[in-house]
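# Coordinate analysis (summary)
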Amino acid sequence: MQVKVVEGETLNVEGPARVKVVEGEGDVFGFKASKGFEFVVKLYKQVSYHALTDSVLEVYGGKISSWKGEAYPKAWSEVAERISSEEKPLRIMVIGGVDTGKTTLVTVLANKLYSKGFKVAIIDADVGQSEIGPPTTIGLGLVSKPITSPYDTKLVDCFFLGSITPSRILQRALCGVSLMLNKALELKCNAIILDTTGWVDDPEGRELKILKMKVFKPTHIILISDAEEIDFYKRYAPNNVEVVSLPRGIVRARSREERRSIRQLAYRAWFINASLKSIHLGKVKVSYSFMFTGKPLTPKELDSLSKMLRCRVFYGEVTGRYLILVTERSIIVPDEVKTLYNRTGVRVITPDKLRHLLVALYGDEGFLGLGVVKDFDFKNMILKVYTPVNVESVREVHFGLVRLNPDTCVEEGFLDRWSF
Ligand SMILES: Nc1ncnc2c1ncn2[C@@H]1O[C@H](COP(=O)(O)OP(=O)(O)OP(=O)(O)O)[C@@H](O)[C@H]1O
Ligand SMILES: [Mg+2]
């Protein structure tokens, strides 16, 4: 369908759609799109074209709407313009509540900086609504062309948080930002933009942002909100950092349900071409589990424990001060057993605990992809994982906190950290 957009008007396209500029020139989130330029709008996403001259667009699929005026607040372009005319290396941290337009502003900034010749990287620390890398990860992407969302960047690496929220694992989120920042610096990026979660006002949310400021060392902090609701961040900002407040964008709020569906689609894309593979856990490093880090119990020990506990013990291990047991059903382990093994802590799980657990696989060069645990052969220490990754290259397995159905990519539940 051909659509005319008069100079000064904005056409908003809701995905799934494909758009081609047939005539005219427009602003698409901070870059100038002209005749022949094409872009894709994914399902649940939106992209706006603001006509700088009378334009004709070819729109395939999707839903359109239009309005007179800008696609995003003028103050956004003014700030983007001003910041991008600075000479020094830039680190921009964007803070705002849920659905305020953070990711869209990051896109506008990235495009502006890219067009001014900066080497631009985006760190996407919003693990629930990831644009760079899969959900549960903090992704680093390089801008190598004009983008309609951070998704269009070139993926460099991902840090696996293992959860769709940094809650209770703030330290992982901080480590992730720090590692991705270092990678961006190694790549000599001179403009690094940090997109964050909309978690701004409770103690943990505030703490995370304050510490992210310390780790990321921004040159600029941009606060997005309607009113002064997050102005308190000005008091947390380190000295010598320019703090700018901007109005929220023309955003469409997304429900929890929609956010879950967006994640489902994202997981799905990461599991294309996946199949069942085996990883020998004796041959790789593991993260975030007690299990597989110590000394397995012998078959004789398992036998005598099974008798003592009147429950079959499939697998056992001692690691540090912990005794780990995999039992036929949930049981409470009496203190004598701990004493017998000279340990003070115990973790008891049933084999289904690992079922459908999301894992991240890492190789020598970094993140390789995700996997879902289908089964575990305790006798041989073989993890059966549904993954598209070539397991020959796997050096590390990081256990996540999300249970994901490998067939539907629907999240089935969440685990506590360090529960096995
Ligand atoms: N100028 C705009 N034109 C069209 N759509 C927009 C515009 N700005 C934002 N949106 C849409 O509004 C929604 C929310 O915007 P955005 O993702 O930028 O907000 P956010 O603050 O990053 O949200 P979250 O809290 O989920 O991270 C998205 O679907 C986005 O496509
Ligand atoms: Mg966002």
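Residues numbered from 1 in each chain as written. Chains lettered and ligands numbered in written order. Predicted model: local features only at pLDDT ≥ 70, side-chain atom pairs only at ≥ 80, totals over all residues. Heavy atoms only, no water.

## So, the sheet that holds strand 18 (residues 313-319)
This is how the line gets drawn: Two strands pair if DSSP finds at least two bridges between them. Runs of E in the DSSP output that reach at least two residues are strands. Runs of H or I that reach at least four are helices, and both are numbered from the N terminus. Contact between two residues is taken to exist if any of their heavy atoms lie within 4.5 Å; hydrogens are not considered. Think of each axis as a best-fit line through the C-alpha atoms, taken over the contacting stretch in the case of a helix, with angles from 0 to 180 degrees between the N-to-C directions.
The strand order 17-18-19-20 describes an open sheet built from 4 strands, whose pairing is mixed. Both outer strands of the open sheet, strand 17 (295-296) and strand 20 (345-349), are each paired with one neighbouring strand and no more. As paired strands, strand 18 and strand 19 (residues 322-327) are joined by 6 bridges and run antiparallel to one another. Counted as the bridge partner of Tyr-315 is Val-326 from strand 19. Running at roughly 110° to strand 18, helix 7 (residues 299-309) makes contact with strand 18 and strand 19 of the sheet.

## With respect to the site of ligand 1
Selection criterion: Neighbouring residues are identified by heavy atoms, a residue being near a molecule or strand if any of them is within 4 Å of it. Side-chain atoms alone can form a polar contact between residues adjacent in sequence; in general such a contact is a pair of N or O atoms within 3.5 Å, and within protein one must be able to donate a hydrogen while the other accepts it. Basically, the charged four are Asp, Glu, Lys and Arg, the nonpolar ten are Ala, Val, Leu, Ile, Met, Phe, Trp, Tyr, Cys and Pro, and anything else, Gly included, counts as polar.
Taken together, 19 residues form the shell around ligand 1, and within it Ser-48, Ala-71, Thr-103, Thr-104 and Arg-254 come nearest. At a separation of 3.1 Å, an oxygen atom of ligand 1 approaches a polar backbone atom of Arg-252. Counting only elements with at least two residues in the shell around ligand 1, the list comes to strand 6 (46-51) and helix 2 (102-115). At 3 residues, the largest contribution of residues to the shell around ligand 1 is made by helix 2. Classifying every residue of the shell around ligand 1 gives 5 nonpolar, 8 polar and 6 charged.

## Regarding the domain arrangement of the protein
Rule in force here: Start and end points for every domain follow an automatic or database-based domain assignment.
Domains assigned within the protein are domain 1 (2-68), domain 2 (74-268) and domain 3 (274-420). Its C-alpha centre places domain 1 at a distance of 49 Å from the equivalent point of domain 3.

## Description of the sheet that holds strand 13 (residues 220-224)
If you walk across this open sheet you meet the 7 strands as 11-10-9-12-8-13-14, and the pairing is mixed. Two strands close off the open sheet at either side, each with one partner strand: strand 11 (154-160) and strand 14 (242-246). Recorded for the sheet is a direction-independent mean angle of 20° between the axes of neighbouring strands. The sheet contact formed by strand 10 (residues 137-142) and strand 11 spans 6 bridges and is antiparallel. Among the inter-strand pairings, Ile-138 is bridged to a residue of strand 11, identified as Phe-159. Contacts from helix 2 reach strand 8 (90-96), strand 9 (120-124), strand 12 (191-195), strand 13 and strand 14 within the one sheet, and its direction differs from that of strand 8 by about 160°.

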